[in-house]
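# Secondary and tertiary structure notes
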Amino acid sequence: MPTLDSYDAIPYESVPITETHVEGLAALGRLFGVPTADPQRCRVLELGCAEGGNLIPMAFYLPGSRFVGLDLSKGQIAAGQRLVDALGLANVALLHRDVMHPTYDLGPFDYIIAHGLYSWVPAPVQARVLEICARQLAPGGIAYVSWNALPGWHTRAVMRDMLLAHTRGLTDPAERLQAAYQFLEEYGPGLAEEAGDLAGILAAEVAYLRQAPPSYLYHEYLVETNTPQLFGDFVAQAARQGLRYVADVDLYTLMPHTLGRAGQAAVAGIKDRLARIQAMDFLRARRFHRSLLTHAATPVMDAPDLDAFRGLAFHADLASEAEIDLGSTERQAFTTPTGARYAVAHPLTKAALMWLASNYPSSVDYAGLYTAAAELVAEYADADTAGDEPAFLQELLDLVAWGAVKPAVTAQAYSVAPDERPRAHALARAQIALGADCVASIRHTAVHLDAPAARLLGLLDGRHDLEALTQAMQPLLPVEYAQAAREGCERMLWTFARQGLLTGTVESPG
Ligand SMILES: C[S@@+](CC[C@H](N)C(=O)[O-])C[C@H]1O[C@@H](n2cnc3c(N)ncnc32)[C@H](O)[C@@H]1O
């Protein structure tokens, strides 16, 4: 079963991996004392970059930085190169190269990204990935490595074992994928009835795999190599290559106070930070990590540095479920586009989230966010509550730890309303012109588009107003929507603007 060739046969869906964005990596590194490079002027290497769906958008939006991506799959590199050529980007190079081959000619990097690579390659390649990080990270550099974790991955391995057995004997990747779907279809309902204690887990697995992209199912469940490991073993492997663990992008996994009461009691006596994280992995049965590493010689703080936190900027794609009451400490929820809910109680935190929600995709520095929140609270509550900066800091840090609010180092204000004659960024238009149904937002998220949305976005060249756009779209819409074409177009334009897909004024940091 040729694992490596299979990426040419079944390319990986190559989209922005939000958590690998260098703004976030820079911020998290600084939070733990690593003097990270300015993401607006840095050098980035991605190992296993596939079609460059992660790297090219970063290169587009960070013209002052330089990017190199390596991948073993010739077809994926060629597909990525088509987008690079269409955009005429000079700050990104996609290379068809095995990571086992020399990479020292490429020079040092401030950030090295390896997402979806480490657990899925044989041990010598794993060692080489870490070696590249150790040898080619510049001082203050951060490497991001994602990997499958034990003990949690054992639950996924049950389904993987069954799918591998069911597809044994088939060699064609497309046939193997088809057989795997057939298995899910035919055995899914029976597993839920018959699997005893495991029934719940397997039913959830079947549901999860049926909605996941086929390339994910293939490369996670049907490939030869997938080696989950314990946190302690990963950290030891990194240390052998001269790397030190900094943190995970899922910061809450490092913070005992995010456990329940019994969990907190279980880890309370563990003084060593890494042993404590391993224990927390056991409690949560973690199955995936997105770990940040730096040079072994760089000191790393045990807990987030609050002064460094006050030096960061923040953005959040949130919406509130009900009208927010700044006069009370009653918990009220904010939701993300994927439906995650975060309930907050302190009026300052509520006000800050209101500000972030209505100004997304803009980011604001800590002082600016606190000032904006305090002004709102002073108006609707009282001066004492507005002055409670320590409570604000703690709640904001928790929201960052849970991923509700994203950290960055650069405060950037974007216009949040479409222009009269809207113009989409060249990146989005080029992605659509090349047939993509997913474009990269300015905040490095994957925006999936249906056919009318893709068509509208493709029309946004700055020459058409809403009237002209409505006319162009009308014949493309189903009859029942044609009457409401104008409202529909307008709504889509606001959605595009919120994702930062439209060119607009970039004001000075606020
Ligand atoms: C699961 S995909 C992940 C792609 C991308 N990083 C992402 O997360 O969307 C793994 C990628 O690593 C590449 N790869 C595997 N072994 C490699 C090697 N030895 N050298 C370079 N690339 C490799 C594959 O071709 C594939 O594109």
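Residues numbered from 1 in each chain as written. Predicted model: local features only at pLDDT ≥ 70, side-chain atom pairs only at ≥ 80, totals over all residues. Heavy atoms only, no water.

We now examine the pairing of strand β5 (residues 137-148). Of all twelve residues making up β5, eleven are buried, and the element is well covered by its neighbours. Note: strand β4 (residues 109-114) against β5, five bridges, orientation parallel. Opposite Tyr 111, over in β5, you have Ile 142 as the bridge partner. For the crossover that starts at β4, traverses helix α5 (residues 123-136) and ends in the parallel β5, the hand is right-handed. Alignment of β5 against strand β7 (residues 288-295), held across six bridges, turns out to be antiparallel. Pairing of Ala 143 across the sheet is with Leu 293, part of β7. (Buried < 20%, exposed > 50% of the residue type's maximum accessible area, 1.4 Å probe, protein only. Helix = DSSP H or I, 4+ residues; strand = E, 2+ residues; numbered from the N terminus. Pairing = 2+ DSSP bridges. Right-handed = clockwise from strand over helix to strand, strands pointing away.)

The antiparallel open sheet is built from three strands, whose spatial order is β12-β8-β13. Each edge of the sheet is formed by a strand with only one pairing partner; in this case those strands are β12 (364-365) and β13 (406-408).

Turning our attention to the layout of surface pockets. Roughly 480 Å³ of internal volume is contained in the second largest pocket. If you go around the second largest pocket, you meet 22 residues; those closest to its centre are Ser 14, Glu 51, Gln 431, Ala 436 and Cys 438. Counting residues per element, the lining of the second largest pocket draws most heavily on helix α4 (residues 74-87), which supplies four residues. Residue composition of the lining of the second largest pocket, grouped by class: twelve nonpolar, six polar and four charged. Two domains each put at least three residues into the lining of the second largest pocket: domain 1 (6-150 + 228-295) and domain 4 (426-507). (1 Å grid on protein atoms, 1.4 Å probe; cavity = no way out; pocket = protein on both sides within 12 Å on 5 of 7 lines; lining within 4 Å. Points joined across faces, edges and corners; volume = space filled by probe spheres on them. Nonpolar A, V, L, I, M, F, W, Y, C, P; charged D, E, K, R; others polar. Domains from an automatic or database assignment.)

Before going further, it helps to spend a moment on the packing of aromatic side chains. Counting across every chain of the model gives 14 aromatic pairs. Consider the rings of Phe 183 and Tyr 187, whose centres lie 4.4 Å apart with planes at 15°: the pair is stacked. Residue Phe 183 and its partner Tyr 187 are both found in helix α7 (residues 173-194); the two are separated by four residues, about one turn of the helix. Judged by relative accessible area, which is 5%, Phe 183 ranks as buried. Aromatic pair Tyr 366 and Phe 392: ring centres 5.5 Å apart, planes at 55°, arrangement tilted. You can see Tyr 366 sitting in helix α15 (residues 366-380) and its partner Phe 392 sitting in helix α17 (residues 389-402), a full 26 residues away along the chain. For the pair Tyr 366 and Phe 392, a shared accessibility class is recorded, and that class is buried. Three or more aromatic residues link up through ring pairs in this structure, and these residues are Phe 309, Phe 314, Tyr 366, Tyr 370 and Phe 392. (Phe/Tyr/Trp six-rings, centres within 6.5 Å; stacked < 30°, edge-to-face > 60°.)

A word on unusual backbone geometry. The step from Leu 150 to Pro 151 runs through a cis peptide bond, and the omega angle for that step is 10°. You can see Pro 151 is positioned in the loop between β5 and α6 (153-166). Of the consecutive residues Tyr 360 and Pro 361, the connecting peptide bond is found in the cis state with omega at 10°. Its location among the elements puts Pro 361 in the loop between α14 (347-359) and β12.

Right, let's talk about the site of the ligand for a bit. The local shell around the ligand holds 18 residues, among which Gly 48, Asp 71, Gln 76, Asp 98 and His 115 are the closest. With respect to the ligand, the side chain of Asp 71 contributes an N or O atom lying 2.6 Å from an oxygen atom. (Near = heavy atom within 4 Å. Polar contact = N/O pair within 3.5 Å; in protein donor to acceptor, adjacent residues only side chain to side chain.)

Taken together, the seven strands give an open sheet; going across it, the order is β3-β2-β1-β4-β5-β7-β6, and neighbouring strands pair in mixed fashion. Unpaired on one side and paired on the other, β3 (92-96) and β6 (243-248) mark the two borders of the sheet. Between one strand and the next, the sheet's axes are offset by a mean angle of 20°, whatever the strand orientation. Bridge count for strand β1 (residues 43-47) against strand β2 (residues 66-71) is five bridges, and the pairing is parallel. (Axes fitted to C-alpha atoms, helices over the stretch in contact; angles between N-to-C directions.)

The subject of this paragraph is the environment of His 115. Tracing the backbone through its elements, the reader meets His 115 in the loop between β4 and α5. Each C-alpha atom of the pair His 115 and Leu 47 lies 7.8 Å from the other, and the pair is 68 residues apart in sequence. Among all residues touching His 115, those that are not within four sequence positions of it are Ile 17, Thr 20, Leu 47, Tyr 144, Ser 146 and Phe 288. A distance of 3.3 Å separates a polar atom in the side chain of His 115 from a polar atom in the side chain of Ser 146. (Contact = heavy atoms within 4.5 Å.)

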